[in-house]
Amino acid sequence: MGAAILPDLATEILIPVCSVVGIVFALVQWLIVSKVKLSYDKFDAADGKNGFTEALIEEEEGINDHSVVQKCADIQSAISEGATSFLFTEYQYVGVFMAAFAILIFVFLGSVEGFSTKSQACTYDSSKLCKPALATAAFSTVSFLLGAVTSVLSGFLGMKIATYANARTTLEARKGVGKAFITAFRSGAVMGFLLAANGLLVLFISINLFKLYYGDDWEGLFEAITGYGLGGSSMALFGRVGGGIYTKAADVGADLVGKVERNIPEDDPRNPAVIADNVGDNVGDIAGMGSDLFGSYAESSCAALVVASISSFGINHDLTAMLYPLLISSVGILVCLITTLFATDFSEVKTVKEIEPALKRQLIISTALMTVGIAIVSWVGLPSSFTIFNFGVQKEVKSWQLFLCVAVGLWAGLIIGFITEYYTSNAYSPVQDVADSCRTGAATNVIFGLALGYKSVIIPIFAIAISIFVSFSFAAMYGIAVAALGMLSTIATGLAIDAYGPISDNAGGIAEMAGMSHRIRERTDALDAAGNTTAAIGKGFAIGSAALVSLALFGAFVSRAEITTVDVLTPKVFIGLIVGAMLPYWFSAMTMKSVGSAALKMVEEVRRQFNTIPGLMEGTTKPDYATCVKISTDASLKEMIPPGALVMLTPLIVGIFFGVETLSGVLAGSLVSGVQIAISASNTGGAWDNAKKYIEAGVSDHAKSLGPKGSDPHKAAVIGDTIGDPLKDTSGPSLNILIKLMAVESLVFAPFFAAHGGLLFKIF
């Protein structure tokens, strides 16, 4: 078997050092962004210290009026306050749940051995004694709380960075589209690197602290660590659903009344819902996405660690090989750091046409460099051959086979990203066809959009299927877990690209509200259009990785619950399978209805203000923004609870009353149907959004023939975009959390379900 080339001490140093490098790089990017001033200082302007003098050269009329800068600062402040207030309120609700669920974990897992404090025989060697089940209960509870806090912190930091950067991006747009692009991208990079580095560092420190108690009992140690993934995804669910309902309620209300009924521009300051809409971009697309991808990272790492702990790595106490998943993430941070420099330092975006290619290059460069990084890590961090646990038997695996498992996941992610881009970017025929269908009204637009979403599922599913086949053939469930990690290994770059979108969107809104010129709005619109496509790519990555993570967690659950085979022909499993396949539909129905109910209240309020506030349409009176913010806040906090309860309670109810076999069917069914619906919903919504922007931009003769803004085709496109909003920003992205969260929750509670579950079948 041999040992890894990299010594254990070097591994213990390398992982935290890479984490710290990521955090430092994020802080450097933040310092660079902070140099764009949001205040007008005559002394600084005369010396040219803050870069504002450069902006005075800009040919825009009235640009040297410092009131524009002040307006941008005031709007940013309002957005930041609204987002912070909402997240604090949301986290108070979630904090109560977190405490209650932590108690539940301790009670359920502690009861497996009757809260005994006696050591028990180890699974891998019955002659040795391992820590009691009560210890696993206690440490699982602690790791759950650590994961939850890290997830909350990831989302909150992302939101603060995004709201800090949006007005700065607007001001930089006066100097050219390139300056604005770099500001938005650097800000996204701050979030990406902070999240990737913090997640890795907290997990590494937790493992080392837990090891002080567990000692040689690595199986117990890494079983306890699975709580980290559960905590991360639990918070992500509420962040995604709550933030998604918030942002889409405001967006739908603003679009339907403002654009369609009143024929005023997007983000017009006369629209009462405009501040709530911009707040929503940050709490949904930034904080929600941050928590979501952190959850994916935590779960894929935990799945790989728990499977490896009962293989030769864990049995032989080979620390470097055991921490192979963390080494992949460590190298990923370094690779993403180099990749980011290509966008910010090595090349410069000068024209609108260069924005999207610059973002796509980030994906290609990071994937190519990461392939080399994985090869190096596999060479130095793994023995030449080793055994992996495979449903009751040990399977021999070569180090190059595990390299291929990670690489296939990495490249499958890139393929999913580019297919997503093809179906959601208005540079290609699918979205242009959707835009063209608006000639005959909203009905044909909806039909074309739905067809596009269904068709866009095909290639990503084949990519996921090939990844599963290759990785399972080489290294069983461990191969699938590291394939998921491969897809997430460039998470820092992926999140930078993803966060760039909402920052650009907010920048455009601020430009409109501050009364800046049409030329500035054109630049921010170009940034935003590219951001819509990259946001769709980010969602594609999240969904693809969720499929692999869920399958890996499913395998770990089956092993931990001591199920030898999952036979779909047995009634116990089949009823679970069909019910599990139904759950994503039930969940989507709840989240979409929640958006609809909240949007209904928002539309009524916006109409009321336009009809009853004198001078609002003329621009002589300010609208009541606060009421619209309150509607979105109240609706999202109230409506996020039922979908969250559905996801969190299903594994508990099924496991307790129907047992582990039925639960395995539920997990398989929800995975299979959830992935399809999530990809379709996300891409349909993205296509409708960019079809609308294609008409609004009017950059080609075809687009001009469908416009301008306010034309019948444009109104049809706005309706399609409005229908797609909850699909792409609420239901679709939340579904990947559903399938991951149910799987990791089942894994954590597997010992309890195996010991005490299936009450109904025991009675009858």
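For clarity, every value in this text was computed on a predicted model and none was experimentally measured.

How each quantity is defined
Residues numbered from 1 in each chain as written. Predicted model: local features only at pLDDT ≥ 70, side-chain atom pairs only at ≥ 80, totals over all residues. Heavy atoms only, no water. Helix = DSSP H or I, 4+ residues; strand = E, 2+ residues; numbered from the N terminus. Expected span 1.5 Å × (residues − 1). Buried < 20%, exposed > 50% of the residue type's maximum accessible area, 1.4 Å probe, protein only. 1 Å grid on protein atoms, 1.4 Å probe; cavity = no way out; pocket = protein on both sides within 12 Å on 5 of 7 lines; lining within 4 Å. Points joined across faces, edges and corners; volume = space filled by probe spheres on them. Nonpolar A, V, L, I, M, F, W, Y, C, P; charged D, E, K, R; others polar. Phe/Tyr/Trp six-rings, centres within 6.5 Å; stacked < 30°, edge-to-face > 60°. Axes fitted to C-alpha atoms, helices over the stretch in contact; angles between N-to-C directions. Parallel < 35°, antiparallel > 145°, perpendicular 65-115°, else oblique. Polar contact = N/O pair within 3.5 Å; in protein donor to acceptor, adjacent residues only side chain to side chain. Contact = heavy atoms within 4.5 Å. Salt bridge = Lys/Arg side-chain N within 4 Å of Asp/Glu carboxyl O. Pairing = 2+ DSSP bridges.

### Digging into helix H7 (residues 218-261)
Residue pairs three or four apart in sequence face the same way in an α-helix, which turns once every 3.6 residues.
So, step 1. Its 44 residues place the ends of H7 63 Å apart at the C-alpha level, agreeing with the 64 Å of an ideal helix rising 1.5 Å per residue.
So, step 2. Counting buried positions over the 44 residues of H7 gives 41, a clear majority of the element.
So, step 3. Of the residues one or two after H7, asparagine 263 is the one with positive phi, at around 55°.

### Examining empty space enclosed by the protein
So, step 1. Counted by the stated rule, this structure contains 9 cavities of 30 Å³ or more.
So, step 2. In this structure, the largest cavity occupies an estimated 330 Å³ of space.
So, step 3. What lines the largest cavity is a set of 29 residues, and nearest its centre among them are Asp285, Asn532, Asp689, Lys728 and Asp729.
So, step 4. Counting only elements with at least two residues in the lining of the largest cavity, the list comes to H7, helix H8 (274-308), helix H17 (491-513), helix H18 (518-560), helix H22 (660-697) and helix H24 (712-756).
So, step 5. Residues that form the lining of the largest cavity fall into these classes: 4 nonpolar, 6 polar and 19 charged.
So, step 6. Estimates place the volume of the second largest cavity at around 150 Å³.
So, step 7. Along its surface, the second largest cavity is lined by 16 residues, and Thr490, Ile491, Gly494, Leu495 and Phe541 are the ones closest to its centre.

### Quick notes on the packing of aromatic side chains
For any pair of aromatic rings, the description rests on two quantities: the centre-to-centre distance and the angle between the ring planes.
So, step 1. Across all of its chains, the model carries 27 aromatic pairs by this definition.
So, step 2. When the ring of phenylalanine 101 is compared with that of phenylalanine 749, the centres are 5.9 Å apart and the planes differ by 90°; the resulting orientation is edge-to-face. Taken together, the positions of phenylalanine 101 in helix H4 (residues 66-110) and phenylalanine 749 in helix H24 put the pair 648 residues apart, joining distant regions of the chain. Across the pair, exposure class does not vary: phenylalanine 101 and phenylalanine 749 are buried alike.
So, step 3. Here phenylalanine 342 and phenylalanine 346 contribute two aromatic rings whose centre-to-centre distance is 5.0 Å and whose plane-to-plane angle is 90°, an arrangement assigned as edge-to-face. On the criterion of helical spacing, the pair formed by phenylalanine 342 and phenylalanine 346 is a turn pair, its members being 4 residues apart in helix H11 (residues 324-346).

### Topic: the packing of H7 against H24
So, step 1. Orientation of H7 relative to H24, taken along the N-to-C sense of each, is 170°, at an axis distance of 9 Å. Comparing the axis directions of H7 and H24 gives the class roughly antiparallel.
So, step 2. Among the residues making up the contact of H7 with H24, the classes are represented as 16 nonpolar, 9 polar and 12 charged.

### A short note on the side chain of asparagine 282
So, step 1. Along the chain, the position of asparagine 282 falls in helix H8.
So, step 2. In terms of polar contacts, asparagine 282 uses its side chain to reach the side chain of asparagine 506, at 2.8 Å.
So, step 3. Beyond its immediate stretch of four places on either side in the chain, asparagine 282 contacts Ile79, Ala83, Met159, Ala162, Thr163, Asn166, Ala287 and Asn506.

### Some thoughts on the pattern of salt bridges
So, step 1. Under the counting rule described, the total for this entry stands at 24 salt bridges.
So, step 2. With a shortest N-O distance of 3.7 Å, arginine 240 and aspartate 292 are connected by a salt bridge. Taken together, the residues span a long stretch of sequence, with arginine 240 in helix H7 and aspartate 292 in helix H8 at a distance of 52 residues. The pair arginine 240 / aspartate 292 is uniform in exposure class, with both members buried.
So, step 3. In this structure, glutamate 261 engages arginine 607 in a salt bridge whose closest nitrogen and oxygen atoms are separated by 2.4 Å. With glutamate 261 in helix H7 and arginine 607 in helix H19 (residues 571-612), the pair connects residues that are 346 residues apart, well separated along the chain.
So, step 4. Under the relative-accessibility criterion, glutamate 261 is labelled partly exposed at 40%.

### Notes on the pairing of strand S3 (residues 385-390)
So, step 1. Counting buried positions along S3 gives 6 out of 6 residues, so the element sits mostly inside the fold.
So, step 2. Taking every second residue as pointing to the same face, both faces of S3 are buried, with Ser385, Thr387 and Phe389 on one and Phe386, Ile388 and Asn390 on the other.
So, step 3. Sheet analysis places S3 next to strand S4 (residues 393-398), joined by 6 bridges and oriented antiparallel. Considered in S4, the bridge of serine 385 is made with lysine 398.

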